[in-house]
Amino acid sequence: MSVKYTPVQWNNNKWIYDAIMLAGVGLFLYIFLYAAPGILSHERPINPQVHNARAFGACAFVMMTVILCIGPLARLDERFLPLLYNRRHFGVMTVFVAITHASYIVDWYFAFSMSNKYEALLFANTSYGQLKGFPFEAFGIFALAVLIILAATSHDFWMKFLSPPVWKRIHYLIYPAYLAVVAHVSLGILQDQQNHAFTWLFAGGALTVGVLHLLAALKERARDQALSVAGADWIDVAGVDEFEDGFAKVRLLPDGDRVAVYLMDGKLSAISNACAHQNGPLGEGRVIDCLVTCPWHGFQYDVRSGRSPAPFTEMVPTYNLRLQGQTVQVDPKANPPGTPVDPIAIPQGAVT
Amino acid sequence: MSDKHPPFFVGYLPIPQGLKQWLLLVSALLVAGMAGFGLVMGIAQDDPGPGAFRFDYGRQTVTGVVELTPYPLVRVTEGNERIAPGTTLMLSGQGKSNVDARAIPLEGQLAQVSGIVLQRGTLNMLQLRGGRNGMSAVEGAAPAQSSKPLGRWKLAGEICDGKCLAGAMRPGTGLAHKACANLCLIGGVPPVFVSSKPVDGSEFLLVTGPDGTELPKSLYDQVGEYITIEGEVERRGDLLVFSVDPTTVGEPE
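Sequence positions are assigned chain by chain, starting from 1 and proceeding in written order. Chains carry letters from A onward and ligands carry numbers from 1 onward, assigned in written order. Only residues with pLDDT of at least 70 are given local features in this predicted model, and only at 80 or more are side-chain atom pairs given and counted; all residues enter the totals for whole chains, interfaces and linings. Only heavy atoms go into the side-chain values, all of them from the structure, while hydrogens and water stay out.

Here we come to the overall build of chain B. Helix numbering and strand numbering both begin at the N terminus, where a helix is a DSSP run of H or I of at least 4 residues and a strand a DSSP run of E of at least 2. Secondary structure assignment for chain B yields five helices and 12 strands. Values of the radius of gyration come from C-alpha atoms, whereas the globule rule sets the reference at 2.2 Å times the count of residues to the power 0.38. The C-alpha atoms of chain B give 26 Å as radius of gyration, which overshoots the globular expectation for 253 residues (18 Å, by more than 25%). On the principal axes, the C-alpha backbone points of chain B span a range of 100 × 45 × 30 Å. Put simply, chain B has 253 residues, and 56% of those count as buried. In what follows, a contact means two residues having at least one pair of non-hydrogen atoms within 4.5 Å. Summarising the internal contacts of chain B: among those between residues at least 6 apart in sequence, 70% fall at separations of at least 24. Only the protein chains shown count as cover for residues, and the accessible areas themselves come from Shrake-Rupley with a 1.4 Å probe. Approximately 10500 Å² of chain B is accessible, and the part contributed by carbon and sulfur atoms is 53%. Charged residues are defined here as Lys and Arg on the positive side and Asp and Glu on the negative side; His and the ends of the chain fall outside this count. The atoms used to mark charge sites are NZ of Lys, CZ of Arg, CG of Asp and CD of Glu. Positive and negative side-chain charges in chain B, numbering 21 and 25 respectively, have mean positions lying 7 Å apart. To sort residues, take the accessible area from a 1.4 Å probe on protein chains only and compare it with the maximum for the residue type: under 20% means buried, over 50% means exposed, and anything in between is partly exposed.

When the pLDDT values of chain A are averaged, the result is 93; 96% of them are 70 or greater. Note on scores: pLDDT gives the predictor's confidence for each residue, bounded by 0 and 100. Mean pLDDT across the elements of chain A bottoms out in helix 7 (residues 156–162) of chain A (87) and peaks in helix 6 (residues 137–152) of chain A (98).

This paragraph deals with the domain arrangement of chain B. Bring the parts together and some accessible area is lost; that lost area is often taken as the interface size. All names here are of chain B. An automatic or database domain assignment provides the domain bounds reported here. Per the domain assignment, the segments of chain B are domain 1 (52–137) and domain 2 (147–250). Between Lys or Arg on one side and Asp or Glu on the other, a salt bridge is scored when a side-chain nitrogen of the former is within 4 Å of a carboxyl oxygen of the latter. For the interface between domain 1 and domain 2, the tally reads one salt bridge. Note that Arg236 and Glu67 form a salt bridge whose closest N and O atoms lie 2.9 Å from each other. Any N or O atom pair separated by 3.5 Å or less is treated as a polar contact, with the protein-specific requirement of one donor-capable and one acceptor-capable atom, and with residues adjacent in sequence counted only for side-chain atom pairs. Scanning the region where domain 1 abuts domain 2 turns up 14 residue pairs in polar contact (both at pLDDT 80 or more). Its residues placed into classes, the side of domain 1 that touches domain 2 shows 11 nonpolar, 14 polar and five charged. Each residue is assigned to one of three groups, with Ala, Val, Leu, Ile, Met, Phe, Trp, Tyr, Cys and Pro labelled nonpolar, Asp, Glu, Lys and Arg labelled charged, and all others, Gly among them, labelled polar.

What UniProt calls "transmembrane region" (unreviewed entry) maps, in this numbering, to residues 22–44 of chain B. For residues 22–44 of chain B, helix accounts for 91% and strand for 0%, while the C-alpha atoms at its two ends are 32 Å apart. UniProt positions are given in the numbering used here, feature names are shortened, and annotations may be inferred rather than shown by experiment.

So, about empty space enclosed by the protein. Residue and element names in this part refer to chain A. Of the two site types, the cavity is a set of points on a 1 Å grid over the protein atoms alone where a 1.4 Å probe fits but cannot get out, and the pocket is an open set with protein on both sides within 12 Å along at least five of seven lines, each lined by residues with an atom within 4 Å of a point. Grid points are joined across faces, edges and corners, and a volume is the space filled by probe spheres set on the points. Across all of its chains, the model carries two cavities of 30 Å³ or more by this definition. For the largest cavity, the calculated volume is near 50 Å³. Looking at the lining of the largest cavity, its residues break down into seven nonpolar, no polar and one charged. Along the walls of the second largest cavity sit Leu268, Ser269, Ala270, Tyr319, Asn320, Leu321, Val341, Asp342, Pro343 and Ile344, which together make up its complete lining. Ranked by residue count, the leading element in the lining of the second largest cavity is strand 4 (residues 267–272), at three residues. Of the residues contributing to the lining of the second largest cavity, the split by class is seven nonpolar, two polar and one charged.

With that settled, the discussion passes to the interface of chain B and chain A. The interface of chain B with chain A comprises 60 residues on the first partner and 73 residues on the second. In this structure, the connection of chain B to chain A is made through zero salt bridges. The interface formed by chain B and chain A includes 24 residue pairs in polar contact (both at pLDDT 80 or more). Elements with a minimum of two residues in the side of chain B that touches chain A: helix 1 (17–42) and helix 5 (178–186) of chain B. Sorting elements by how many residues they give to the side of chain B that touches chain A places helix 1 of chain B first, with 15 residues. The residue inventory of the side of chain B that touches chain A, partitioned by class, reads 36 nonpolar, 15 polar and nine charged.

Per the UniProt annotation, the sites labelled "transmembrane region" (unreviewed entry) are residues 15–35, 55–74, 95–114, 134–152, 172–191 and 197–218 of chain A. The distance separating the terminal C-alpha atoms of residues 134–152 of chain A is 30 Å; by composition the span is 84% helix and 0% strand.

Right, here's the structure in full:
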């Protein structure tokens with residue numbers, strides 16, 4: 001949680017996360033740049049600038065692929081959630097790797113002419129009317145621009161400044177950017193490959209991203225169908241004996257929002273399922289130190305008011321509950337974020 | 001906490017015991033996977049070919065007759081131990097530039113040229129030094145140079161720029177290199193056709209437009225692409241010149 005913006009709120013896990021990711025990136029580049037050439041039996045080596053550009057470009061693609069796999073993996077198996085926690089750092093690393101790739105390309109292929117190299121990047125190939133020979137650099141420029149925007153706005157300051165919904169929409173641009181990278185590679189280097197090992201790895205990576213997102217979407221759709229209820233003034237959530245202290249039951253409301261109904265110390269309270277930080281699923285979190293804790297980044301809320309503990313200021317909507325016999329019901333009309341609601345006690349002996 | 005719930009990770013708290021082994025495994029797989037991808041992608045790169053700047057030869061200076069195709073050539077008449085008489089050198093300036101301003105006034109005359117050789121198979125190019133140090137008139141009558149028409153050909157292959165192909169860039173061909181090649185051609189570097197089958201012993205042909213014109217800009221869209229095209233082939237020394245008809249461009253069957 002944040003009340004004061006610092007460049008990075010470091011903790012041990014972030015250091016470990018970054019060290020592991022840097023080790024992976026470092027090894028990829030070291031092996032590609034220094035180990036692989038010794039294995040290649042070329043009469044003359046590939047130009048160092050081209051070799052470097054390929055190494056950093058391939059690395060950026062693998063990094064983007066890993067980043068885009070983390071989200072659906074965490075939705076399919078919550079043991080992957082720790083990979084989600086500090087993903088933005090990996091994203092920022094990716095931007096630096098991608099910029100290095102672009103720099104080598106621009107300083108090699110587009111340099112040494114009478115024209116400005118950045119202008120040359122735009123006018124050297126203008127065959128936009130054909131697939132073969134299409135200026136695939138345009139896709140790379142788009143993807144790099146998006147990555148830079150995403151990295152520049154990745155800090156929580158920008159999320160607060162832009163508001164989470166706007167920030168989230170901007171950051172969904174990672175998907176068009178990834179598609180642009182796929183087009184960039186497919187219409188570029190893949191057109192010239194004689195050895196198809198890279199082609200297979202590239203296609204496998206892109207396919208993995210697609211399949212994981214599809215599987216996660218199918219799982220969420222099935223869960224949404226199980227959670228969905230017909231429109232009514234009050235909506236059944238669950239029987240009182242189905243609640244477990246410190247955990248939530250989630251229901252999908254007619255307006256598409258989700259409510260998380262928590263049992264804490266024998267009393268029930270309901271808050272929005274969407275964390276104010278990045279829309280993380282609060283109902284999949286749990287109560288720690290009397291506070292509902294988001295499973296994505298650990299933002300916390302008092303379940304009775306939807307407010308983060310002072311000095312933090314995040315707030316989520318609350319909902320009104322009632323008991324109808326042994327059934328807990330929720331009023332689908334949300335209270336404004338941070339509205340305190342008295343918890344309702346459930347009969348003793350009903351808690352598991 | 002109930003046993004049915006897996007360990008709960010909170011970023012700013014210590015990692016739960018139940019997750020430590022799992023995260024170690026995932027971390028190891030991730031790092032090993034990145035290393036493996038680096039290796040496989042690194043060794044999957046194609047041979048860029050034998051072309052190269054021959055810096056190992058040092059600066060070469062020879063004398064010959066300047067011809068325009070319209071791209072400038074030097075037909076070597078007085079060579080050295082590296083460049084034999086009878087060799088035809090394509091010429092380029094530094095980077096992606098031409099030497100037209102120096103070569104056109106010397107057309108048909110004897111000139112001394114000096115620079116660094118680029119070589120790929122039968123293809124020879126000289127990157128000239130700057131100014132008169134790179135190209136200057138030589139006293140004396142220029143010996144007559146013969147050329148031999150080889151008739152009309154339909155060839156399959158790729159148009160690229162002669163300098164990158166000859167070794168300025170490795171690789172210097174293909175669609176991934178198209179923008180770079182176009183930039184060279186815009187700069188007046190001689191274009192070369194890389195034929196899928198040798199013509200009179202050579203797979204590389206200097207390519208021009210019809211009737212002694214520069215390569216038509218309409219063909220820039222086909223640079224780097226595998227195409228068929230028809231034109232007249234002519235031998236000038238050890239270099240073939242392919243004067244193409246842009247209306248005949250097509251796709252190989």
